[in-house]
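Architecture at a glance
One-letter residues, chain by chain:
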Amino acid sequence: MRSVPAAELVPGDVLLLAEGDRVPADARLLSGGLQVDASALTGESVPVVRDASAPDTAASALDSPVLVFSGT
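This brings us to the side chain of Arg-50. Mapping Arg-50 onto the fold places it in strand β3 (residues 48–51). Here Arg-50 sits buried without a salt bridge, and the closest side chain of opposite charge, Asp-63, lies 5.9 Å off (N-O distance). Polar contacts involving the side chain of Arg-50 include one to the main-chain carbonyl oxygen of Ser-64, which spans 3.2 Å.

Dropping the structure here:
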């Protein structure tokens, strides 16, 4: 494991996120779950739950339970 600047991330890179981290790039969760502050994207005032084991049946990518977005 090594740290790289967000600008150097490319599709296929695997991110390790910890509590309090800002998500550096749009990504699909591979394992685990977390809450993210997506208020900048959705306007919601409470964190949203994202969980890799959840079924992805959302009509919109913003509502997908397995996706996290840059800056959240």
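Anyway, onward from the coordinates.
Our focus in this paragraph is the pattern of salt bridges. For the structure shown, the criterion picks out 1 salt bridge. Notably, a salt bridge pairs Asp-56 with Arg-28, separated by 3.6 Å at the nearest N-O pair. Here Arg-28 lies in strand β1 (residues 27–28) and Asp-56 lies in the loop between β3 and β4 (67–68), a separation of 28 residues in the sequence.

What counts, and at which threshold
Residues numbered from 1 in each chain as written. Predicted model: local features only at pLDDT ≥ 70, side-chain atom pairs only at ≥ 80, totals over all residues. Heavy atoms only, no water. Helix = DSSP H or I, 4+ residues; strand = E, 2+ residues; numbered from the N terminus. Buried < 20%, exposed > 50% of the residue type's maximum accessible area, 1.4 Å probe, protein only. Lys, Arg positive; Asp, Glu negative; His and termini not counted. Salt bridge = Lys/Arg side-chain N within 4 Å of Asp/Glu carboxyl O. Polar contact = N/O pair within 3.5 Å; in protein donor to acceptor, adjacent residues only side chain to side chain.

Keep in mind that these numbers describe shape and distance, not what the molecule does.
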